[in-house]
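Architecture at a glance
Given next are the chains, with one letter for each unit.
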Amino acid sequence: MQMNTPPRSTIRLTRRGRVALIATGAVVAGTAVAVPLLSLESEGESRPTSLVIPEGWRSGQIYEAVDRALALPVGSTKKSIAKAGLKLPNDAEGNPEGYLFPATYPLEKKSTPTSLLSFMVNTANKKFNGAPVAAGAQRNAMNVYQAVTIASIVQAEAATKADMGKVARVIFNRLERGMPLQMDSTINYALNRATLKTSSSDTRVESPYNSYQRMGLPPTPIDNPGEDAMRAAINPPPGDWLYFVTVKPGDTRFTANYEEHQRNVAEFNAAQKASTQPKK
């Protein structure tokens with residue numbers, strides 16, 4: 001542990017200020033905008049014609065969406081992974097997390113879990129294996145799979161598109177200094193949840209995705225990032241930031257000063273407490 005790293009028990013590096021909730025057939029974000037999962041050919045027709053995969057969905061959410069779209073028993077899509085023959089990078093070791101590219105995919109009568117997942121992975125390969133991404137990854141001394149992993153954290157942590165580059169820079173700065181990432185999003189992934197509240201006991205969970213306890217990047221991406229997050233991961237802006245917190249929607253504060261960060265966290269905590277108190 002670096003001597004300039006404050007004790008883990010006192011650090012809260014990230015708070016997004018928004019959390020994605022999964023509702024039936026929709027993604028509901030902090031902005032209260034619903035993204036429909038299925039598009040229907042006409043009013044009252046039950047056969048869906050397309051499947052929308054939003055940016056930042058985890059593989060488990062996508063498997064469930066495919067099951068619903070194809071009217072299959074729960075778990076069918078997940079079971080198909082082993083025999084799907086997906087064209088994943090060697091580092092993925094057969095885990096498609098990060099490579100189920102968010103987009104709108106057509107549903108045909110002959111669509112199967114394997115065909116849909118292959119479509120998603122092939123789309124990701126086209127997006128990620130091109131010269132700009134490969135060159136950007138190399139420029140930052142990493143491979144494409146590591147870039148996708150960073151992009152997945154950026155996707156989970158950044159409250160807005162404008163914040164993505166700064167979040168990526170925080171990740172690089174911490175890695176370069178030998179500091180643990182201490183990202184709440186990786187804890188959420190380890191615990192299969194989405195929340196703004198991370199307790200001290202959460203940060204002690206035994207998991208390779210616990211970036212409070214383990215150094216470096218998590219072993220795989222933690223969601224499926226979009227192009228904006230990927231661009232941020234390979235071309236972050238210059239800056240010395242080591243901490244950030246979304247005090248309130250639209251107000252994410254980045255700093256290299258731990259004491260300043262603690263003041264920002266205190267303001268975040270006060271705002272959270274005020275929002276949960278009953279109105280008189």
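Owing to the predicted nature of the structure, the values given are computational and were not obtained by experimental measurement. (Residues numbered from 1 in each chain as written. Predicted model: local features only at pLDDT ≥ 70, side-chain atom pairs only at ≥ 80, totals over all residues. Heavy atoms only, no water.)

**Focus on the confidence of the model for the protein**
For clarity, the threshold we go by: As a per-residue quantity, pLDDT reports the predictor's confidence and falls between 0 and 100. Contacts are assigned to residue pairs that have any heavy atoms within 4.5 Å of one another.
Across the protein, the average pLDDT comes to 85, with 82% of residues at 70 or higher. This model gives residues 1-12 a pLDDT under 50, and the stretch forms 27 contacts once residues within four places in sequence are excluded. A low-confidence stretch, residues 14-42 (pLDDT under 50), is modelled with 77 contacts involving residues beyond four sequence positions or located in other chains.

**Some remarks on the pattern of salt bridges**
Note the following rule: A pairing counts as a salt bridge when a side-chain nitrogen of Lys or Arg comes within 4 Å of a carboxyl oxygen of Asp or Glu. To qualify as a helix, a DSSP run of H or I must reach at least 4 residues; to qualify as a strand, a run of E must reach at least 2; elements of each kind are numbered from the N terminus. Note on classification: 1.4 Å probe, protein chains only; a residue is buried when its accessible area is under 20% of the maximum for its type, exposed when over 50%, partly exposed between these limits.
A complete count under the given rule lists six salt bridges for this structure. The partner of K127 in a salt bridge is E227, with the nearest N and O atoms 3.5 Å apart. Linking K127 in helix 3 (residues 113-128) with E227 in helix 8 (residues 227-234), this pair joins segments that are 100 residues apart in sequence. Residue K127 is classed as partly exposed on the basis of its relative accessible area, which comes to 36%. Measuring nitrogen to oxygen at the nearest pair gives 3.8 Å for the salt bridge that ties K161 to D228. Note that K161 is positioned in the loop between helix 5 (144-157) and helix 6 (164-176) and D228 in helix 8, a separation of 67 residues in sequence. Salt bridges here are not isolated pairs; linked through shared partners, they connect K161, D228 and R231.

**With respect to the side chain of S185**
Spelled out, the test is: As used in this structure description, the phrase polar contact means that two N or O atoms lie within 3.5 Å; if the pair is within protein, one of them must be able to donate a hydrogen and the other to accept it, and residues adjacent in sequence are counted only when both atoms belong to side chains.
Turning to its location among the elements, S185 is positioned in helix 7 (residues 184-190). A polar contact of 2.8 Å, which involves the side chain of S185, links it to the side chain of E157. When residues no more than four places from it in sequence are discounted, the contact partners of S185 are I153, A156, E157 and I222.

**Comments concerning the packing of aromatic side chains**
Quick reminder of the rule: Pairing of aromatic rings covers Phe, Tyr and Trp, the last through its six-membered ring, and needs centres within 6.5 Å; plane angles under 30 degrees mean stacked, over 60 mean edge-to-face, and all others mean tilted.
Counted according to the given criterion, the structure contains eight aromatic pairs. Grouped by ring-pair contacts, the aromatic residues Y99, F101, F128 and Y145 constitute a single cluster.

**Brief notes about the packing of helix 6 against helix 8**
This is how it is decided: Axis angles are defined between N-to-C directions and span 0 to 180 degrees, where every axis is a line fitted to C-alpha atoms and, for a helix, only to the segment in contact. What sets the label is the angle itself: under 35 degrees gives roughly parallel, over 145 gives roughly antiparallel, 65 to 115 gives roughly perpendicular, and the rest give oblique. What makes a crossing left-handed is the near helix being turned counterclockwise from the far one by less than a right angle; a clockwise turn instead makes it right-handed.
The contact between helix 6 and helix 8 brings their axes to 8 Å, and the two run at 45°. It follows from the interaxial angle that helix 6 and helix 8 lie oblique. In terms of crossing hand, the pair formed by helix 6 and helix 8 is right-handed. Seen from helix 6, the contacting residues are M164, G165, A168 and F172; seen from helix 8, they are D228, A229, A232 and A233.

**So, helix 9 (residues 258-276)**
To keep it simple, the criterion reads: What a helix should span is 1.5 Å times the count of its residues minus one. In this context, the arc is that of the directions from the helix axis out to the C-beta atoms.
Here helix 9 contains 19 residues, and its C-alpha end-to-end distance of 27 Å stays within 8% of the 27 Å for a straight helix at 1.5 Å per residue. Considered for burial, the residues of helix 9 that qualify are Y258, H261, N264, V265 and F268. One side of helix 9 holds all its buried residues, which, seen down the axis, span an arc of 115°. What points out from helix 9, more than 90 degrees from its buried face, is the exposed set R263 and K273. Of the surrounding secondary structure, the elements contacted by the buried residues of helix 9 are strand 7 (243-248) and strand 8 (251-255).

**Focus on the pairing of strand 7**
Side-chain positions along a regular strand alternate between the two faces of the sheet. The condition is simple: Any two strands are treated as partners once DSSP identifies two or more bridges connecting them.
A large share of strand 7 lies buried, amounting to five of its six residues. Across five bridges, strand 7 lies against strand 8 in antiparallel orientation. What sits directly across from V245, in strand 8, is R253. With antiparallel pairing between neighbouring strands as the criterion, strand 7 and strand 8 make up a hairpin whose turn holds two residues, including G250 at a positive phi of roughly 85°.

**Things to note about the packing of helix 5 against helix 6**
In a packed pair of helices, the relevant descriptors are the angle between the two axes and the axis-to-axis distance. Spelled out, the test is: Under the scheme applied here, ten amino acids are nonpolar (Ala, Val, Leu, Ile, Met, Phe, Trp, Tyr, Cys and Pro), four are charged (Asp, Glu, Lys and Arg), and all others, including Gly, are polar.
Where helix 5 contacts helix 6, the axes come no closer than 9 Å and their chain directions differ by 125°. Classified by the angle their axes make, helix 5 and helix 6 are oblique. Here helix 5 and helix 6 pass one another in a crossing that is right-handed. Here I150, I153, V154, Q155 and E157 of helix 5 lie close against helix 6, whose contacting residues are M164, V167, A168, I171 and F172. By residue class, the composition of the contact of helix 5 with helix 6 is eight nonpolar, one polar and one charged.

**Remarks on helix 6**
Counted at 1.5 Å a residue, the expected span for helix 6 with its 13 residues is 18 Å, and the 19 Å between its end C-alpha atoms agrees. Counting buried positions over the 13 residues of helix 6 gives 10, a clear majority of the element. When helix 6 is considered as a whole, its buried residues turn out to be M164, G165, V167, A168, R169, V170, I171, F172, N173 and R174. Elements in contact with the buried residues of helix 6: helix 5, helix 8, strand 7 and strand 8.

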